[in-house]
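Coordinate analysis (summary)
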Amino acid sequence: MLQLFHTFTDGLEAVLFPATCMACGTAIKDKKRVLCSKCVNDRFEDPNPANRVSCTKMLLPDGINFQDALWRYDKEGHIQEMIRCLKYKGMSQIGTELGKIAGKRIAERHLGTHTPDNLQEILLVPVPLHPAREKKRGYNQARMIASGMSEISGVDLAENEIVVRTRNTLTQTKFSFSKRMENLKGVFKVNHPEKLKDKFIILVDDVFTTGSTCYSMAASLKNTGVAGIGILTIGIA
Ligand SMILES: [Zn+2]
């Protein structure tokens, strides 16, 4: 029985802390990593290699200075699988690890010309979940990503209560862009505008799809005296 228990916990550990790369299966010495360095550097497509203002062809709304993502979202591929594990399988540590990879971009001042040179002027603000959803999931995946970014870059991470989500919106995948924007109106509430004043805000989320979530969050932030707003996600659909 004890042996069975050990087999079970070993298996659990292997799932929670894979010692192999999630994309290619290569063994990784550092058990905390989810991807090998070869995959990080060569395998996934950078959606914005030239660091233009936006990595979609879309014009950004007023008040948003840049939008960038680490990788192009490969439907049914490894990035989707990682995000799924992060959001629905309790593997919060994937968020921190992916955030660390994205954090290098900030540390190396790799986000175009719109971010301040002084990293102390930047504040990372993860897209909040509704408290009920966060309680159910046990964590906010965007906050896990942002904490990895903060750890690598030294950029401050905003506290939880500064910006909150006031309604638990239903899944929006079947909605048009304008319907999504309408549905999200007034969802984000800034509790402490004084903590955002004069800061360059980087909104952090797992995946950028239509942009409706980040855009509506940006709309609630832009009149709080911020120095600028950028969007950084792991994937872009
Ligand atoms: Zn790999």
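In what follows, the accompanying structure is described. (Residues numbered from 1 in each chain as written. Predicted model: local features only at pLDDT ≥ 70, side-chain atom pairs only at ≥ 80, totals over all residues. Heavy atoms only, no water.)

**Observations regarding the overall build of the protein**
Quick note on the threshold: Secondary structure follows DSSP: runs of H or I at least 4 residues long count as helices, runs of E at least 2 residues long count as strands, and numbering of each begins at the N terminus. The protein chains shown are the only cover counted for residues, whose accessible areas, like all others here, come from Shrake-Rupley with a 1.4 Å probe.
Of the regular secondary structure elements, the protein holds 8 helices and 7 strands. Roughly 12300 Å² of accessible area belongs to the protein as shown, and the carbon and sulfur atoms make up 54% of that amount.

**Thoughts on the coordination of the zinc ion**
By definition of the ideal shapes, four donors in a tetrahedron about a metal sit 109.5 degrees apart, and six donors in an octahedron sit 90 or 180 degrees apart. To keep things clear, this is the line we draw: Sites may look incomplete, because water is not among the atoms used; the donor set itself consists of N, O and S atoms within 2.8 Å of the metal (3.2 Å for Na, K and Ca). In these descriptions, tetrahedral denotes four donors with every angle between 85 and 135 degrees, square planar four donors and octahedral six donors with opposite donors over 155 degrees apart and the rest between 65 and 115, and irregular any other case.
Binding of the zinc ion to the protein goes through Cys-21 (SG), Cys-24 (SG), Cys-36 (SG) and Cys-39 (SG), at separations of 2.2 to 2.3 Å. Angles of 106 to 116 degrees at the metal separate the 4 donor atoms of the zinc ion, which places the site in the tetrahedral class. Mapped onto the polypeptide sequence, the residues donating to the zinc ion form the spacing pattern C-x2-C-x11-C-x2-C.

**Brief notes about the packing of aromatic side chains**
Which entries qualify depends on this criterion: Stacked, edge-to-face and tilted are the three classes for Phe, Tyr and Trp ring pairs, Trp counted by its six-membered ring, which pair at centre distances within 6.5 Å; planes under 30 degrees apart are stacked, over 60 edge-to-face, the rest tilted. Charge-over-ring placement is defined geometrically: NZ (Lys) or CZ (Arg) within 6 Å of the ring centre, and within 35 degrees of the ring normal.
Per the counting criterion, the structure on display carries 4 aromatic pairs. Taking the centre distance of 6.1 Å and the plane angle of 5 degrees together, the rings of Phe-66 and Phe-200 count as stacked. Of this pair, Phe-66 sits in strand 1 (residues 66–72) while Phe-200 sits in strand 6 (residues 200–208); the two residues are 134 residues apart in sequence, bridging distant segments of the chain. Sitting above the plane of the Phe-175 ring, Lys-179 keeps its charged end 4.2 Å from the centroid.

**Considering unusual backbone geometry**
Note the cut-off: Note on exposure labels: buried denotes an accessible area under 20% of the residue type's maximum, exposed denotes more than 50%, and partly exposed covers the range between, all computed with a 1.4 Å probe on protein chains only.
Phi at Asp-198 takes a positive value of approximately 65 degrees, unusual for a residue other than glycine. With respect to the helices and strands, Asp-198 occurs in the loop between strand 5 (188–190) and strand 6. The class for Asp-198 is exposed, based on a relative accessible area of 53%.

**Focus: the nonpolar core**
What counts is decided by this rule: Working definition of a nonpolar core: buried Ala, Val, Leu, Ile, Met, Phe, Trp, Tyr and Cys residues. They are joined through side-chain atoms within 4.5 Å. In this entry, domain limits derive from an automatic or database-based domain assignment. The contact criterion used is simple: two residues touch if any of their non-hydrogen atoms lie within 4.5 Å.
Grouped together as the largest cluster of nonpolar side chains are 37 residues, with contacts concentrated most on Leu-35, Trp-71, Met-82, Leu-98, Ile-106 and Ile-202. Put simply, the parts of the chain that give this core at least two residues each are helix 2 (37–43), strand 1, helix 3 (78–88), helix 4 (92–107), strand 2 (122–126), helix 6 (141–153), strand 6 and strand 7 (228–236). When residues in this core are grouped by element, the largest group, 5 residues, is from helix 3. The two domains that each donate at least three residues to this core are domain 1 (1–43) and domain 2 (45–236). Those residues in contact with Ile-106 that sit more than four places away from it in its chain are Leu-111, Leu-119, Leu-124, Met-149, Ser-153, Val-155, Ile-202 and Leu-232. Judged by nonpolar contacts, the second largest core, of 27 residues, contains Leu-196, Cys-214, Ile-229 and Ile-236.

**Brief notes about helix 4**
Our working rule: Multiply 1.5 Å by the residue count of a helix minus one, and that product is the helix's expected span.
For helix 4, built from 16 residues, the straight-helix expectation of 22 Å at 1.5 Å per residue is met to within 8% by its first-to-last C-alpha distance of 23 Å. Those residues of helix 4 lying buried are Gln-93, Ile-94, Gly-95, Thr-96, Glu-97, Leu-98, Gly-99, Ala-102, Gly-103, Arg-105 and Ile-106. One or two steps after helix 4, the chain reaches Arg-109, where phi turns positive at roughly 50 degrees.

**Some details on the side chain of Gln-141**
As a reminder, the rule being used: Residues adjacent in sequence count toward polar contacts only when both atoms are side-chain atoms; beyond that, a polar contact is any pair of N or O atoms within 3.5 Å, and within protein one must be able to donate a hydrogen and the other to accept it.
If you trace the backbone, Gln-141 turns up in helix 6. One polar contact links Gln-141 to Arg-137, side chain to side chain, over a distance of 2.6 Å.

**Observations concerning the pattern of salt bridges**
Put simply, the rule is: What counts as a salt bridge is simple: a side-chain nitrogen of Lys or Arg found within 4 Å of a carboxyl oxygen of Asp or Glu.
Taken as a whole and judged by the stated rule, the model has 11 salt bridges. In this structure, the salt-bridge partner of Asp-46 is Arg-105, at a minimum N-O distance of 3.0 Å. Of this pair, Asp-46 sits in the loop between helix 2 and strand 1 while Arg-105 sits in helix 4; the two residues are 59 residues apart in sequence, bridging distant segments of the chain. On the basis of relative accessibility, which here comes to 27%, the residue Asp-46 falls in the partly exposed class. A relative accessible area of 7% means that Arg-105 is categorised as buried. Between Arg-84 and Glu-81 there is a salt bridge, and its shortest N-O distance comes to 3.4 Å.

**So, the pairing of strand 2**
Going by this rule: Pairing between strands is defined by DSSP: at least two bridges between the two strands are required.
The element strand 2 is largely enclosed, with a buried count of 5 among its 5 residues. Two elements, strand 2 and strand 6, share 5 bridges in a ladder whose sense is parallel. Its bridge partner lying in strand 6, Leu-123 is registered against Ile-201. Summarising the sheet, strand 2 and strand 3 (residues 156–157) pair through 2 bridges and their orientation is parallel. Across the sheet, residue Leu-124 finds its bridge partner in strand 3, namely Leu-157.

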